[in-house]
Amino acid sequence: DLVQVDHALTSGGYQELHGLVDDWIVVRVDEPRWVFDWRLQAEVEARAQGKPTLTDEQVADFVARFMPAYTAYLPGLYEEG
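The rules we used
- Residues numbered from 1 in each chain as written.
- Predicted model: local features only at pLDDT ≥ 70, side-chain atom pairs only at ≥ 80, totals over all residues.
- Heavy atoms only, no water.
- Salt bridge = Lys/Arg side-chain N within 4 Å of Asp/Glu carboxyl O.
- Helix = DSSP H or I, 4+ residues; strand = E, 2+ residues; numbered from the N terminus.
- Expected span 1.5 Å × (residues − 1).
- Buried < 20%, exposed > 50% of the residue type's maximum accessible area, 1.4 Å probe, protein only.
- Arc of directions from axis to C-beta.
- Contact = heavy atoms within 4.5 Å.
- Bend = angle between axes of the 7 residues up to and from the residue.
- 1 Å grid on protein atoms, 1.4 Å probe; cavity = no way out; pocket = protein on both sides within 12 Å on 5 of 7 lines; lining within 4 Å.
- Points joined across faces, edges and corners; volume = space filled by probe spheres on them.
- Nonpolar A, V, L, I, M, F, W, Y, C, P; charged D, E, K, R; others polar.

A. Local environment of the pattern of salt bridges. Per the stated rule, a full pass over the model turns up 3 salt bridges. For E43, the salt bridge goes to R39, with nearest N and O atoms at 2.9 Å. In this pair, E43 and R39 are both assigned in helix α3 (residues 34-48), 4 residues apart and thus about one turn of the helix distant.

Now the structure itself:
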């Protein structure tokens, strides 16, 4: 629920964090699905090194939890720069 996320961000010290940072960088992507691809790539590379990783299905589930926020917030981030 993004209402809960918004509330947590505005009441949990996030504004204080912004006060400590001079500039933020927003990396514009053509397709938010790339986030899944990047995360999966990192897991595959870690797996090849013998490190513990998420399964492909767990990566999909993990990233899917953030997609509503990407959909809601990216347009504004891109517009504001």
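B. Quick look at α3. With 15 residues, α3 ought to run about 21 Å at 1.5 Å a step, and its terminal C-alpha atoms sit 21 Å apart, in line with that. V35, F36, L40, E43 and A46 are the residues of α3 that are buried. Axial view of α3: buried residues confined to an arc of 125°, hence all on one face. Residues of α3 that are buried in the fold lie against α4 (56-64) and α5 (67-80).

C. Structural detail: α5. Its 14 residues give α5 an end-to-end C-alpha distance of 20 Å, which sits within 8% of 20 Å, the value for a rise of 1.5 Å per residue. Residue Y73 marks the point of greatest curvature in α5, where the axis turns by about 40°; the proline P75 follows within four residues.

D. How the structure looks around the layout of surface pockets. Estimates place the volume of the largest pocket at around 830 Å³. As for the largest pocket, its lining consists of 26 residues, and the residues nearest its centre are Y14, V26, Y73, L74 and L77. Of the residues belonging to the lining of the largest pocket, the class tally is 19 nonpolar, 4 polar and 3 charged.

E. Inspection of the environment of T55 at higher detail. Inspection of the secondary structure assignment puts T55 in the loop between α3 and α4. Classification of T55 by relative accessible area gives partly exposed; the value is 35%. It is 8.0 Å that separates the C-alpha atoms of T55 and E43, two residues lying 12 residues apart in sequence.

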